[in-house]
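Chain by chain, the residues:
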Amino acid sequence: MKNFQVAIIGGGVIGSAIARELSKYKLDVVVFEMGSDVASGASKANSGVVHSGINSAPSSLKARFCVEGNKMFQSLADGLGFPVRWVGKCVIAKNEEELSELKRLKQVGMDNSVPGLEIKDGSEINESNVSCHAALWVPTAGITLPYEFTIALAENAAENNVKFLLETKVTGLKKQKNGFLIKTTKGDFNSEIVVNAAGLNCREIVSMLEEPDFQVYPCRGEYLILDKKYRSLVNSMIYPVPVKELGVLGVHITPTIEGNILLGPSAEFIDDAEDKRTTKEMMKTLLKEAREIIPAIPDKAVINAYSGMRCKLASLKEGGWADYQIEEGKQTPGLINLLGIESPGLTAAPAIAKEVTKMISQSIKLKTKNNFKSRRVKGKRFSEMTPQEQSILIKKDDRWGRIVCRCEHVTEAEVIEALSNPLGARTLSSVKYRCRAGMGRCQGGFCTQHIVRIMEGQFNIDVKDMKLKSPDSNLFYGRTREVKDD
Ligand SMILES: Cc1cc2nc3c(=O)[nH]c(=O)nc-3n(C[C@H](O)[C@H](O)[C@H](O)COP(=O)(O)OP(=O)(O)OC[C@H]3O[C@@H](n4cnc5c(N)ncnc54)[C@H](O)[C@@H]3O)c2cc1C
C-alpha cells in the first residue's frame, strides 16, 4: 500500500494539467489512468481548437477558464514543446438573420474581454472559397495538437516526480479518518485528497462515495479528415453560427497543425459512452453541412474519420448546455470533482489546474520546489531538420539514418526516444502520438513491423504483450512455428 497526498483519477488533459501544476510543489502526487497512455479519452479526439471565449456567458466558469487558459497557451507551448498556431477564426452569417447572432457573439466576447473582435462584410474576409453575408473575425483563436499538449503536460509532471500509473483503473473509494482508501486494479493506495478528473466516468467516481445529484449525457461528435492536398481550402477556422438547441458550436472547417483539414463535429446524444463508431450516414451529413460553407469540397478529399465523446451535464431536452461544476464533494470533503468538462476543456485546462491547486492549498500547505523543471526538452523532428542538421546527427548515431516510417520520415532514433517516455507508455499508439510513426498515408502499413522489432530487440517487450492502444488491444497471439518443449 502506498501513501500519497494527492491522487488524481484520470490522465486526460485536465488530470495531466493538474498534475503538472501540482508538480511545482513539494507534494506526493499520483495519477491513475486506466488507459495505456494519457490522452486516452476526449483529450485525444476533439477539434484541437484553442478557443477565445466568445461562446460562453460572461458569468460562467466555461468563459472564465477559457479566456484565462487561452492567455496561458503560448508560454506553455514554448516551455513544453508542443505546437500552437494562432490562425484565427471566422464565424460566418449566411444571411441578414444570422448577422444578429454574430453581433450577440461579439458582445459576449467583449464582455469576456476577448480582444480584436471585428464583424466584417462577407467580401472582406481572407477566404476565397467561402461565400457568406458577413463574418465575425476572432484573431485570438488558435489550433494545437490536443494529444501532444496532454502528453507534454504529463511528461513534464512526471519529470517533476509525479507518479503516473497507467493501465490502472480506480474501482473503489472509501473515506477514512485522514483521507481516502483507493482501490485499483493494481492494488490499494491511500491519499489525503482525491481529484476526480475521470471525464465521462466522473459520475461513477462520485457514486463510489456519495449519491450523485447529476447525470452525464454522452454526446458523440464525428469528424472527417481531409487529405493534406486540400489544406489551401481555408486560411483560418470557419464556423457557422452555434446550434443553440444542442448546446454545440456546429460543423466547422478547421485546419490542423499537421496540414489536414477537419470537418465536424456532429452532435448526437447517445446512451453508450463507449460507442465511438463513425457512421456512413454521418459522413454524408458532415460533407453536406461543410459544403454549405465551401461547396468545392470533393468526396475524394476525405481520407479518414474519427469521433470524440462530449461529457454533457444537460440532456438534449434541457438544451445541452450546462456550466462546469468544479467543487468539493457535497458530502465528502477532500474529494474534488471536475464535472461536465466538455468544450472548451482543452483550452481551459491550464486555468482549471490553477483553480484546483488553489482548492488543494486550503487543506495542504503548499511549498514550492526549488528544482522544478518548467521546460521539457523536445528535439526537432528529423523531417523538419535541414540536410546539414540531419547529416550531423547521422554521423553521431546511425539510428538517425534509419527511416522507420516512410510516410512521415520518422527515424529509428525518434521511435526509441518515443518509447523511452517518462510515463512508461509502450503501445503503438504511444509511439504514433509522440513521433508520428504510423500517422501518414499508409497508416502504419510499413512501419508497424519495424516498431515491433525495436520494441522486442531494444525494450525486451514480448510480442504477446504488445498492444495497439489500450490494455485489451494485443497485437499478436504468439509466434508462428514456435518451438514448444513438450
Ligand atoms: C467532439 C469534441 C470536440 C471538442 N473540441 C474542443 C476544442 O476544439 N477545444 C477545446 O478547448 N475543447 C474541446 N473539446 C473538449 C475537450 O476535449 C474536453 O473538455 C477535454 O478533453 C476533457 O478532458 P478530461 O481530462 O476531463 O477528460 P478525458 O480526456 O476523457 O480524460 C478522462 C480520463 O480518465 C480516465 N478514467 C476514467 N475513469 C477512470 C477510472 N475509474 N480509473 C482511472 N482512469 C479513469 C479515462 O481513461 C480518461 O483518460 C471537445 C470535446 C469533444 C468530445
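So, how was this worked out
- Residues numbered from 1 in each chain as written.
- Predicted model: local features only at pLDDT ≥ 70, side-chain atom pairs only at ≥ 80, totals over all residues.
- Domains from an automatic or database assignment.
- Contact = placed C-beta atoms within 7 Å.
- Helix = DSSP H or I, 4+ residues; strand = E, 2+ residues; numbered from the N terminus.
- Nonpolar A, V, L, I, M, F, W, Y, C, P; charged D, E, K, R; others polar.
- Bend = angle between axes of the 7 residues up to and from the residue.
- Buried ≥ 20, exposed ≤ 12 C-beta atoms within 10 Å, placed from the backbone.
- Pairing = 2+ DSSP bridges.

K.L.:
Please give an account of the domain arrangement of the protein chain that cites residues and values.
P.N.:
For the protein chain, the assigned domains are domain 1 (1-84 + 143-214 + 318-378), domain 2 (85-142 + 216-312) and domain 3 (383-465). Summarising the inter-unit geometry, the C-alpha centres of domain 1 and domain 2 are found 27 Å apart. Contact residues are listed per partner, giving 34 residues for domain 1 and 36 residues for domain 2. Elements represented by at least two residues in the side of domain 1 that touches domain 2 include exactly β3 (49-50), α2 (61-80), β8 (142-144) and α5 (202-207). Top element by residues in the side of domain 1 that touches domain 2 is α2. It accounts for four residues. Here the side of domain 1 that touches domain 2 is built from residues that sort into 19 nonpolar, 13 polar and two charged.

K.L.:
With reference to specific residues and values, describe α2.
P.N.:
At phenylalanine 73, α2 shows its largest bend, some 40 degrees. Listing the buried residues of α2 in full gives Lys62, Ala63, Arg64, Phe65, Cys66, Val67, Gly69, Asn70, Phe73, Leu76 and Leu80. Buried-residue contacts for α2 involve β3, β4 (84-85), β8, α4 (146-159) and α7 (345-361). One or two residues past the end of α2 sits glycine 81, with phi positive at roughly 70 degrees.

K.L.:
Please set out the pairing of strand β10 (residues 170-176) residue by residue, giving values where relevant.
P.N.:
Successive residues of a regular strand alternate their side chains across the two faces of the sheet. In terms of strand pairing, β10 meets strand β11 (residues 179-184) through six bridges, oriented antiparallel. For lysine 175, the partnering residue across the bridge sits in β11 and is phenylalanine 180. The hairpin turn running from β10 into β11, its antiparallel successor, is two residues long.

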